[in-house]
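# Working through the structure, step by step
Given next are the chains, with one letter for each unit.
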Amino acid sequence: MIADRYFFSSFLLMCGSVCVSAADKSSTPNVVLIYADDIGFGDLSCNGASTVRTPNVERLARGGINFTNAHSAAATSTPSRYAMLTGEYAWRRNGTGIADGDAGMIIRPDRFTLADLFKNAGYATGMVGKWHLGLGEKNGEQNWNEKLVPGIGDLGFDYSFAMAATGDRVPCVFVENGNVVNLDPADPIEVSYQHNFPGEPTGRDNPELLRMLPSHGHDMSIVNGISRIGYMKGGKSALWKDEEIALTLVDKAVSFMEEQKDRPFFLYLATQDAHVPRVPNERFAGKSGMGPRGDCLLEFDWTVGEIMKALERLGLDENTLIIVSSDNGPVVDDGYQDQAVELLGGHKPGGIYRGGKYSLYEAGTRVPCVWNWKNHIAPGQVSDALVCQIDWIASLAALLGESLPEKATPDGCNQLDTWLGKNRTDRGNLVLQNGANNLTLIKDGWKYIRPGGGAAYIKEVGIETGNSKNPQLYNLRKDPSEQYDVASGHPEILKEMQESLEAIVDGRFGLSMEE
Ligand code: NG6
Ligand code: CA
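A brief structural summary. Since we're looking at a predicted model, the values are computed, not measured. (Residues numbered from 1 in each chain as written. Chains lettered and ligands numbered in written order. Predicted model: local features only at pLDDT ≥ 70, side-chain atom pairs only at ≥ 80, totals over all residues. Heavy atoms only, no water.)

### Quick notes on the packing of aromatic side chains
What describes a pair of aromatic rings is the distance from one ring centre to the other and the angle between the planes of the rings. The tally for this structure, following the rule as stated, stands at 18 aromatic pairs. Ring centres of W371 and W419 lie 5.0 Å apart, and the angle between their planes is 15°; this geometry places the pair in the stacked category. Of the two residues, W371 is situated in strand β14 (residues 369-372) and W419 in helix α8 (residues 416-419); the sequence distance between them amounts to 48 residues. Comparing W371 with W419 shows no difference in burial state: the two are buried. On the basis of an interplanar angle of 65° and a centroid distance of 5.9 Å, the ring pair of W392 and W419 is categorised as edge-to-face. Here the residue W392 occupies a position in helix α7 (residues 392-400), and W419 occupies one in helix α8, the gap between them amounting to 27 residues. For the residue pair W392 and W419, the accessibility class agrees, reading buried in each case. The ring centre of Y361 lies 4.0 Å from the NZ or CZ of R354, which sits over that ring. (Phe/Tyr/Trp six-rings, centres within 6.5 Å; stacked < 30°, edge-to-face > 60°. Helix = DSSP H or I, 4+ residues; strand = E, 2+ residues; numbered from the N terminus. Buried < 20%, exposed > 50% of the residue type's maximum accessible area, 1.4 Å probe, protein only. Lys NZ or Arg CZ within 6 Å of the ring centre and 35° of its normal.)

### Here we look at helix α3 (residues 77-86)
With 10 of its 10 residues buried, α3 lies for the most part within the structure. Three or more residues of α3 are buried, namely S77, T78, P79, S80, R81, Y82, A83, M84, L85 and T86. Tucked inside the fold, the buried residues of α3 contact β1 (30-36), α4 (114-120), β4 (124-130), β12 (265-270), α7 and β17 (430-433). Residue G87 follows α3 closely and has a positive phi angle near 75°. (Contact = heavy atoms within 4.5 Å.)

### Here's the deal with the coordination of the calcium ion (ligand 2)
Around the calcium ion (ligand 2), the protein contributes the donor atoms D37 (OD), D38 (OD), D327 (OD), D327 (OD) and N328 (OD1), which lie 2.2 to 2.6 Å from the metal centre. Every donor residue of the calcium ion (ligand 2) comes from the same chain, spaced as D-D-x288-D-N. Separated by 291 residues along the polypeptide, D37 in the loop between β1 and α2 (55-62) and N328 in the loop between β13 (320-326) and β14 bring together distant segments of the chain. Judged by relative accessible area, which is 0%, D37 ranks as buried. (Donors = N, O, S within 2.8 Å, 3.2 Å for Na, K, Ca; no water.)

### Concerning the sheet that holds strand β6 (residues 174-176)
Spatially, β7-β6-β5-β4-β12-β1-β13-β14-β2-β15 is the arrangement adopted by the 10 strands of the open sheet, whose pairing is mixed. Either end of the sheet is taken by a strand with one partner, and the two such strands are β7 (179-180) and β15 (381-383). Pairing analysis gives two bridges linking β6 to β7, with the strands arranged antiparallel. Residue pairing in the sheet places V175 in a bridge with V180 of β7. Taken strand by strand, α2 contacts β2 (65-67), β13, β14 and β15, and its axis lies near 60° from that of β14. Along the sheet, α3 contacts β1, β4 and β12; its crossing angle with β1, the most-contacted strand, is approximately 165°. (Pairing = 2+ DSSP bridges. Axes fitted to C-alpha atoms, helices over the stretch in contact; angles between N-to-C directions.)

### Quick look at the side chain of Q472
In this structure, Q472 sits in strand β22 (residues 472-475). Since its relative accessible area comes to 4%, Q472 is described here as buried. A polar contact is formed between the side chain of Q472 and the side chain of Y361, at a distance of 2.8 Å. Apart from residues lying up to four places away in sequence, Q472 is in contact with Y361, K447, Y448, I449, G466, D485 and A487. (Polar contact = N/O pair within 3.5 Å; in protein donor to acceptor, adjacent residues only side chain to side chain.)

Structure, rendered in structure tokens:
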């Protein structure tokens, strides 16, 4: 039965084999993956934003290929990153929902990751920025004053400089190669997601200490005048300054590239922009006219520009593949009163697409995605091929001519030619998940949303989730904004989509069922 399912599901996948053919070994570009947080399809000027301009991403898009139907694998961070780094749909695993700041490491060290791919190919590998996939052995049992083991270094990254979770979750410190940066041993860090520490103020009890008020949640420990999710104590000298995060990350990313310039490198630069709390550096504050959220979009674009400049300065711009994308769709009010709603004006963070972060509708996962590689990707391309970040391992393995271990990237497929703009072939099918772990299947231009629990609308964030007790069917080719549920008019397509989705959910694509 399992074998049958495996065969059936693989057949359904129709997206090519993950066994890669040997590529020219001389094609070993540096790869810099710049991964934004909560930046939506419509947030960038390469996708039509006009209130805010993002010229650096625009330059990359013009010089390479801009994907207009590219998806993160999920509509929130942790499962998206999990899928991107492992090539496995996160909904196959428990414990891959939005992680607390004291989550244990979610991807176990024996798993094959995107970083392992590059490491095996002889690359130097670095991770800088938002991690959000847990650190240390077990939830809540880390000692933040010692080296955190296992860590990012156990997943194929030679170097890491990470925010453990998100900007709005404690601990608000950077962790470099497993150790908290600038920690004073006389002022140890304590973290809890269960209880506050005696005598420590919170946003809930001490709003007078806040410089930005929460709109929902975010009322626990106060760091830099901003209350967060979770409680922490101590580590004063190690606390990050929110307005300097982007600068620090750029600095670490550029240093990594400088140090590794004589050998091929893979850099995963995961920005905090434009996640909450949105605290842009003074050089961007007030510059967008849209408040901190717009300013953070400018800061993100500046980050991209700094990386481009550094590559040029190091003489590496000819031989570097730059990828820019985002972990999930946009949200305007994500829990702080930062004027994002009031100053939004006519800006459409999700473009023409319905929903947003947390949603199964298109804006939840249809994210900006640009590939730029001078002399290898023809410039000026726009691709509407259906593609997903979950395929980066298999596709980049093909690029590097690396073969993959048997259990690697169980849900990924090699779409290298599509990513390089040589064709516009859609992924055979794609399963996406939202914040409630409900699923949708996209296939042949149709989108089926499986019935599931949870609110249809999250009023705090103003987003439709796609959750419904009834099956939904949309014709994405005719109706990309998902205005018309045509489930009742197309029972045969609905049935086929339902069967396909269940087959994919049941199949393991090469992973044994025990795992
Ligand atoms: C939610 C947070 C939101 C954000 C999100 C994770 C509240 C009320 N909301 O639970 O602010 O942190 O988690 O975002 O706490 S993500 O982009 O990292 O997935
Ligand atoms: Ca995110």
